[in-house]
Amino acid sequence: MSRSSPKVGFVSLGCPKALVDSERILTQLRAEGYAISPSYNDADLVVVNTCGFIDSAVAESLDAIGEALAENGKVIVTGCLGAKGDVVKQAHPQVLAVTGPHALEEVMLAVHKHLPKPHDPYIDLVPAQGIKLTPAHYAYLKISEGCNHRCSFCIIPSLRGDLVSRPIGEVLTEAEHLVDSGVKELLVISQDTSAYGVDVKYRTDFWGGMPVKTRMLDLVKHLGDMGVWVRLHYVYPYPHVDEVIPLMQAGKILPYLDIPFQHASPKILKAMKRPAATEDTLARIRAWRAACPELVIRSTFIVGFPGETEEDFQMLLDFLDAAQLDRVGCFPYSPVEGAAANALANPVAEDVKQERLERLMEVQAEISAARLERRIGQEMTVLVDEITDDGTALARSYADAPEIDGVVIIENSEGLVVGEFARVRITDAGDHDLWAERI
């Protein structure tokens, strides 16, 4: 790339879906001949992709914008906080432009205005899979934008709009390019993966000249034929999810489901505007595990939601005991500006929220530890993520999504290669991680 190419700095905050937005912007910047600067000082302009979901994320995003302005001075803001443009402008009126999430064209227009693009860009400077911010061996595959649910604690639909499914041919082509580039694991993401195709009535698209319906089952079937790990995130426990369990049992996709249950009390679930049939959920989990005993389920929960009583919270603990989930994340309820839940009666005191959070995580730690302990002595395939300076390998099994789950620790990494698979034997277990030796 020419020394005279304009340089753009980039700060990416928020969830994997925001990360994919960042990757698309970076890909377009490179395609048009812009250089990407790793530092503020060398950049001619900085793009900050923000998160605006909860108050702490808003604060982090505003701090990041402020830092970019202080260090560089020319800043374009995009992402979920950008959907609240007045918030950004009030805090930092000197930003050059503000756009909402998944706004590639608007971001590029702002970049062109304030940093004119180079002449005669060479499109082949960009690999087919685009620019990725993840390690070379795994990548997020975003299949849709927005959400049709109206959960009372969430403002995603107001930030990202209703569900818009990507054409399945486009998604599968992107997956092919990623696999061809050396990616070993595809992490399927969206706001509601199991709703994929609902908005387009599961219409038929084409991929490689072959007709394919725009729906989750067809998508994962074809992804499962690509010879890499396929991991499903953000799945609702709809009945049609039952259809993908045989693919997991057959080894076509990873036996792993990330399902945000959020609570177990019917009263609280109703207030959240979430599915409230806890018994049906437990029955579905039992049926899934009967069909695929290796299935790992992770979930997230909210404690201290307005109106949550001790009885409601105990129902949640009882659910955890009955469901025996493998991985759990938990958050105290945080009022988000614009969320309907803010108007609900009987808010829970902050000290009670924290106490319930700690109690829940103590209960889940015992469950997780017991489920991990069963793996001692098992042989597993792992994907090596990192080799530390002291020679320890940090890897993941099919049960571990990057950054949110545990790791498999291999103290002697001789012969192991980052980004490659290895066979190991599990030797020890903790509350979250496993230890192993290479076979």
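Above this text is the structure in question.
Residues numbered from 1 in each chain as written. Predicted model: local features only at pLDDT ≥ 70, side-chain atom pairs only at ≥ 80, totals over all residues. Heavy atoms only, no water.

Novice: I'd like to hear about the overall build of the protein chain, residue by residue, with values.
Specialist: Of the regular secondary structure elements, the protein chain holds 12 helices and 20 strands. The C-alpha atoms of the protein chain give a radius of gyration of 23 Å, which matches the 22 Å a tight globule of 439 residues would have. Summarising its shape, the C-alpha atoms of the protein chain cover approximately 60 × 55 × 50 Å along the three principal directions. In the protein chain, buried positions account for 54% of the 439 residues. For the protein chain, the share of sequence-separated contacts (at least 6 apart) that also reach a separation of at least 24 residues comes to 73%. One finds the centroid of the 42 positive side-chain charges in the protein chain at a distance of 6 Å from the centroid of its 63 negative side-chain charges. (Helix = DSSP H or I, 4+ residues; strand = E, 2+ residues; numbered from the N terminus. Rg over C-alpha atoms; globule rule 2.2 N^0.38 Å. Buried < 20%, exposed > 50% of the residue type's maximum accessible area, 1.4 Å probe, protein only. Contact = heavy atoms within 4.5 Å. Lys, Arg positive; Asp, Glu negative; His and termini not counted. Charge placed at Lys NZ, Arg CZ, Asp CG, Glu CD.)

Novice: So what about the side chain of Ser368? Which residues, and what values?
Specialist: Examined against the element boundaries, Ser368 turns out to sit in helix α12 (residues 350–373). Once you skip the residues sitting within four places of it in the chain, Ser368 turns out to touch Asp326 and Asp431.

Novice: Describe the packing of helix α1 (residues 16–31) against helix α4 (residues 104–114), with residues and values.
Specialist: Between α1 and α4, whose axes approach to 10 Å, the crossing angle comes to 45 degrees. With respect to α4, the element α1 is oriented oblique. At the point where α1 passes α4, the crossing takes the right-handed sense. Every residue of α4 that contacts α1 at Arg24, Ile25, Gln28 and Leu29 is listed here: Leu104, Val107, Met108 and Val111. (Axes fitted to C-alpha atoms, helices over the stretch in contact; angles between N-to-C directions. Parallel < 35°, antiparallel > 145°, perpendicular 65-115°, else oblique. Left-handed = near helix turned anticlockwise from the far one by under 90°.)

Novice: Can you lay out a negative patch on the surface for me, pointing to particular residues and giving the numbers?
Specialist: Judged by side-chain charge, Glu60, Asp63, Glu67 and Glu71 come together as a negatively charged surface patch. In this fold, Glu67 is placed in helix α2 (residues 55–71). What makes Glu67 partly exposed here is its relative accessible area of 43%. (Patch = residues over 30% accessible without salt bridge, like charges linked within 9 Å, V, L, I, M, F, W, Y side chains within 5 Å. Areas by Shrake-Rupley, 256 points an atom, 1.4 Å probe, with all protein chains shown as cover. Salt bridge = Lys/Arg side-chain N within 4 Å of Asp/Glu carboxyl O.)

Novice: Residue-level account of the nonpolar core, with values.
Specialist: Counting 55 residues, the largest nonpolar core has Leu223, Leu257 and Leu325 as the members making the most contacts within it. For Leu223, the contacting residues outside a window of four places in its chain are Leu141, Leu172, Ala175, Leu186, Val188 and Val230. Grouped together as the second largest cluster of nonpolar side chains are 22 residues, Trp229, Leu254, Val382 and Ala399 included. (Core = buried A, V, L, I, M, F, W, Y, C linked by side-chain atoms within 4.5 Å.)

Novice: Explain the environment of His114 to me, using residue names and the numbers behind them.
Specialist: Structurally, His114 is set in helix α4. Residues His114 and Lys74 lie 40 residues apart in sequence; the distance between their C-alpha atoms is 8.5 Å. Discounting chain neighbours no more than four positions away, the residues touching His114 are Leu45, Lys74 and Leu96.

Novice: If you had to explain the pairing of strand β6 (residues 138–142) to someone new, which residues and values would you point to?
Specialist: Of all five residues in β6, five are buried, a share of seventy percent or more. Here β6 shows no split at all, with Tyr138, Tyr140 and Lys142 on one side and Ala139 and Leu141 on the other all buried. Inspection of the sheet shows β6 paired to strand β9 (residues 185–189) by five bridges, in the parallel sense. Paired with Tyr140 across the two strands is Leu187, which belongs to β9. (Pairing = 2+ DSSP bridges.)

Novice: I'd like a description of the sheet that holds strand β1 (residues 7–12), backed by residues and values.
Specialist: The strand order across the open sheet formed by five strands is β2-β1-β3-β4-β5, and the pairing between neighbours is parallel. Two strands in the sheet have a free side with no partner beyond their single neighbour: β2 (35–37) and β5 (97–98). Bridging between β1 and strand β3 (residues 45–50) involves five bridges; their strand directions are parallel. Bridge pairing in β3 links Val11 to Val48. Sitting on the sheet, α1 touches β1, β2, β3 and β4 (75–79), and the angle it makes with β1 is about 175 degrees.

Novice: Lay out the pattern of salt bridges in plain terms, naming residues and giving numbers.
Specialist: In this structure the tally under the stated criterion is 26 salt bridges. The salt bridge involving Arg231 is made with Glu185; its shortest N-O contact spans 2.7 Å. Of this pair, Arg231 sits in strand β12 (residues 229–232) while Glu185 sits in strand β9, and the two are 46 residues apart along the sequence. Given a relative accessible area of 0%, Arg231 falls into the buried group. Residue Glu185 is classed as buried on the basis of its relative accessible area, which comes to 0%. Arg356 is the salt-bridge partner of Glu310, the closest N and O atoms lying 3.8 Å from each other.

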